[in-house]
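Residue-level structure breakdown
Each chain is listed here by its residues.
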Amino acid sequence: MLTGKKIVLGVSGGIAAYKAAALTSKLVQAGAEVKVIMTPSAKKFVAPTTFQALSRQPVYTDTFDEQDPSQIQHIDVADWADLVLLAPATANLIGKLANGLADDMLTTTLLATEAPVYIAPAMNVHMYSHPAVLKNMHQLDEWGFRFIEPGEGYLACGYVGKGRLEEPLTIVEVLENEMRKSQLLSGKKVLISAGPTQEKIDPVRYFTNPSTGKMGYALARQAKALGADVTLVSGPVHLDTPQGVKRVDVTTAEEMYEEMLRHFHDHDLVIKSAAVADYRPKVTYDHKMKKSPGDYAVEMERTKDILAELGARKEHQYLVGFAAETQDMEEYGRQKLEKKNLNAVVVNDVSAEGAGFGHDTNVSLWITKSGKSETFPLMSKDELAERILKRAAEEMSGDDV
Ligand code: CTP
């Protein structure tokens, strides 16, 4: 899977930098072309000549050391890369990347590249659990950077715990797996809706629901990792757009309806994970409503059922809906699948512990028009997203897995 792949290996200044030499060799043996960029502190651990000899390529250490006047080195290397691997990634490098800093050859290249970036951290066990490091890693994860987590074991600082650089052979295997995965939806266009909608009653009040958009954003992030061209129609949420995903912001159910219909015709896989309001106030006031004594009733009208409309217009698309249930999941799920002409439905058990709105995990049932049903146990929304996309991709390609 790595044959002919152009890999930029970013080496930062930790004791595990010595392992990056073995990693370079293994990547080259796997058929990859490897260009190494070292931070100034990495050079204090290993000499650039080591990487030059192992990669048979120039090693980059200084943004201003421009060898060829016809090129701008960091842009050229950034564009050249099929993938970027940071190993070892120190807490400092992770911090810079999470905050958009670019003060050396490696960090400037990282800001300039559109290639997927894999991060293999290595640091002291206490640094690894520092809130600043965790926050930076969380930020990068939300943007769609992939982590190759360090194993537990003896650390050079004398502690035992998490912080060790993953073994070079395992890193190569992870990359090979990721390359295989990234072909699954390659060339496919995926349209996803996420988050809640807001239905206004006056300029300062609206009806909404507690959807955070986490499920839809996980789907967008994972679809991108599987090689798809992804469009995300998003209600108002507090999440960052995954890297490389096209995001269209909407507020109301009506706006979501318009955007989903506008993009529907040229997409191959459409997943409707948004929590759309079923009703909206019949009248929206231009001015703030004044209170008066006694009760007040708001008259509500139905919004359009976007999913049902997409089902009615479906041609070549593989259409996936979501359903929230507390009982008889299979029965209600199948009813929804048929009523809305879906290819598959993900029924979420919102009564299960740790699942549903605002949680990071979900328990669900995958039901297809082709007659399959599969229980997905409690897992993270990113894992669930990958499972859903893989199952959909298998069905779309006709594989019976
Ligand atoms: N949906 C939609 N447009 C709406 C309402 C819902 O597209 N106006 C979509 C959601 O994005 C989700 C699915 O429909 O994919 C949920 O179906 P729905 O029938 O609303 O299911 P529940 O919310 O489970 O509703 P209920 O059980 O009350 O019928």
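Keep in mind that this is a model prediction, so the values were computed, not measured. (Residues numbered from 1 in each chain as written. Predicted model: local features only at pLDDT ≥ 70, side-chain atom pairs only at ≥ 80, totals over all residues. Heavy atoms only, no water.)

With respect to the overall build of the protein
What the protein contains, in helices and strands, is 13 helices and 20 strands. Each of the three principal axes of the protein carries a C-alpha extent, and together these read 75 × 55 × 50 Å. For the protein, long-range pairs separated by at least 24 residues make up 67% of all intrachain contacts whose partners lie at least 6 apart in sequence. Just so you have it, the protein exposes about 19200 Å², and 50% of that area is on carbon and sulfur atoms. Distance between charge centres in the protein, computed from 45 positive and 55 negative side chains, equals 1 Å. (Helix = DSSP H or I, 4+ residues; strand = E, 2+ residues; numbered from the N terminus. Contact = heavy atoms within 4.5 Å. Areas by Shrake-Rupley, 256 points an atom, 1.4 Å probe, with all protein chains shown as cover. Lys, Arg positive; Asp, Glu negative; His and termini not counted. Charge placed at Lys NZ, Arg CZ, Asp CG, Glu CD.)

Quick notes on the nonpolar core
I192, L219, I271, W366 and I388 are the most contacted members of the largest nonpolar core, which has 33 residues in total. Residue assignment for this core shows that the elements contributing at least two residues are strand 9 (189-194), helix 9 (214-225), strand 12 (229-234), strand 14 (269-272), strand 17 (318-325), strand 18 (344-349), strand 20 (373-380) and helix 13 (381-397). Setting aside its immediate chain neighbours within four residues, W366 contacts Y318, V320, A344, V345, V346, K372, S373, E374, F376, I388, R391 and A392. Among the nonpolar cores identified, the runner-up in size contains 31 residues, and M38, L85, A120 and L175 belong to it. (Core = buried A, V, L, I, M, F, W, Y, C linked by side-chain atoms within 4.5 Å. Buried < 20%, exposed > 50% of the residue type's maximum accessible area, 1.4 Å probe, protein only.)

Examining the site of the ligand
The immediate surroundings of the ligand are formed by 15 residues, with K272, A274, K304, L307 and K336 found nearest. F322 places a polar main-chain atom, nitrogen or oxygen, 2.9 Å from an oxygen atom of the ligand. Contact distances for the ligand include 2.9 Å between an oxygen atom and a side-chain N or O atom of K340. Contact with the protein chains covers 74% of the free accessible surface of the ligand, which is 580 Å². Here the ligand is seated within the second largest pocket. Counting only elements with at least two residues in the shell around the ligand, the list comes to helix 11 (306-313) and strand 17. If one sorts the elements of the shell around the ligand by residue count, strand 17 sits on top with three residues. For the shell around the ligand, a count of residues per class yields seven nonpolar, two polar and six charged. (Near = heavy atom within 4 Å. Polar contact = N/O pair within 3.5 Å; in protein donor to acceptor, adjacent residues only side chain to side chain. 1 Å grid on protein atoms, 1.4 Å probe; cavity = no way out; pocket = protein on both sides within 12 Å on 5 of 7 lines; lining within 4 Å. Sits in = over half its atoms within 2 Å of the grid points. Nonpolar A, V, L, I, M, F, W, Y, C, P; charged D, E, K, R; others polar.)

Comments concerning the sheet that holds strand 5 (residues 117-121)
A sheet is described by the order of its strands in space; here six strands give the open sequence 3-2-1-4-5-6, paired in parallel fashion. Edge positions in the sheet fall to strand 3 (59-60) and strand 6 (146-147), since each of these pairs with one other strand and no more. In the sheet, strand 4 (residues 83-89) pairs with strand 5 via four bridges, with the strands oriented parallel. Each bridged residue has a counterpart across the sheet, and for A89 the counterpart in strand 5 is P121. (Pairing = 2+ DSSP bridges.)

Quick word on a nonpolar patch on the surface
On the surface, a nonpolar cluster with roughly 630 Å² of combined accessible area is contributed by F207, Y279, V283, Y285, Y296, V298 and M300. In this structure, M300 sits in strand 16 (residues 300-302). The class for M300 is partly exposed, based on a relative accessible area of 30%. (Patch = residues over 30% accessible without salt bridge, like charges linked within 9 Å, V, L, I, M, F, W, Y side chains within 5 Å. Salt bridge = Lys/Arg side-chain N within 4 Å of Asp/Glu carboxyl O.)

Observations concerning the sheet that holds strand 9
Read across the open sheet, the eight strands follow the order 13-12-9-14-17-18-19-20; overall the sheet is mixed. Looking at the sheet topology across the chains shown, the edges are occupied by strand 13 (246-249) and strand 20. The sheet shows a mean angle of 20° between the axes of neighbouring strands, taken without regard to direction. Sheet topology places strand 17 next to strand 18; six bridges connect them, and they run parallel. Residue pairing across strands places F322 opposite V346, the latter belonging to strand 18. The strands that helix 9 touches are strand 9, strand 12, strand 13, strand 14, strand 17 and strand 19 (361-368); relative to strand 9, the one it contacts most, it runs at about 165°. Packing of helix 12 (residues 329-339) onto the sheet brings it into contact with strand 17, strand 18, strand 19 and strand 20, and relative to strand 19 it is tilted by some 55°. (Axes fitted to C-alpha atoms, helices over the stretch in contact; angles between N-to-C directions.)

Things to note about the packing of aromatic side chains
Each aromatic ring pair is specified by the distance between its two centres and by the angle formed by the two planes. A full pass over the atoms with the stated rule returns zero aromatic pairs. One Lys or Arg, K35, reaches over the ring of W80 and ends 4.4 Å from the middle of that ring. (Phe/Tyr/Trp six-rings, centres within 6.5 Å; stacked < 30°, edge-to-face > 60°. Lys NZ or Arg CZ within 6 Å of the ring centre and 35° of its normal.)

Examining the domain arrangement of the protein
Segmenting the protein into domains produces domain 1 (6-181) and domain 2 (189-398). Between the C-alpha centres of domain 1 and domain 2 the distance comes to 36 Å. Taken residue by residue, the interface counts nine residues in domain 1 and 10 residues in domain 2. When the buried surface of domain 1 facing domain 2 is broken down by residue, E142, W143 and K181 rank first, second and third, together holding 66% of it. (Domains from an automatic or database assignment. Buried area = accessible area lost by both parts, 1.4 Å probe.)

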